[in-house]
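Architecture at a glance
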Amino acid sequence: MITSERHEKAFLGGTERFVGLTKPALIPQVSTILMKYYENDLVTEEVLKAWGSKASKKYVDTATSKKVRKSAEKFITWLETAESDDSDDQ
């Protein structure tokens, strides 16, 4: 189902919409949700980092987008540090 970067971005947008508007009680769990997406190869590291870098009003209002992305900071930071740790090993 998710076969391109465009699909990955839409999937994250749909997640943002679902969590931000339909199930706001899940906002604190966004990092955990993103980790599962990453572990199951649903979304690439590059798309996740780009998504986490700035809020967007494409799928939800900007305030909701900021809340969802704020909750994702722990995961995004982990992604960035995991990458730099890999670079140190080489």
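Residues numbered from 1 in each chain as written. Predicted model: local features only at pLDDT ≥ 70, side-chain atom pairs only at ≥ 80, totals over all residues. Heavy atoms only, no water.

Per-chain confidence: the protein averages 91 in pLDDT, with 91% of residues scoring 70 or above. Element-level pLDDT for the protein is lowest in helix α4 (residues 62-89), with a mean of 84, against a maximum mean of 97 in helix α2 (residues 30-39). (pLDDT = per-residue confidence, 0-100. Helix = DSSP H or I, 4+ residues; strand = E, 2+ residues; numbered from the N terminus.)

Here we come to the nonpolar core. In terms of nonpolar packing, the biggest core is built from 15 residues, with Leu12, Val30, Leu34, Leu48 and Trp51 touching the most fellow members. The set of elements that each furnish at least two residues to this core consists of α1 (5-22), α2, α3 (45-53) and α4. With five residues, the single largest contributor to this core is α4. If near-sequence neighbours (up to four positions away) are discounted, valine 30 is found in contact with Val19, Trp51, Val68, Ser71 and Ala72. (Core = buried A, V, L, I, M, F, W, Y, C linked by side-chain atoms within 4.5 Å. Buried < 20%, exposed > 50% of the residue type's maximum accessible area, 1.4 Å probe, protein only. Contact = heavy atoms within 4.5 Å.)

If you walk through the whole model with that rule in mind, you get five salt bridges. Across the salt bridge formed by lysine 70 and glutamate 73, the nearest N and O atoms sit 3.4 Å from each other. In this pair, lysine 70 and glutamate 73 are both assigned in helix α4, three residues apart and thus about one turn of the helix distant. In this structure glutamate 73 comes out as partly exposed when scored by relative accessible area, which is 41%. (Salt bridge = Lys/Arg side-chain N within 4 Å of Asp/Glu carboxyl O.)

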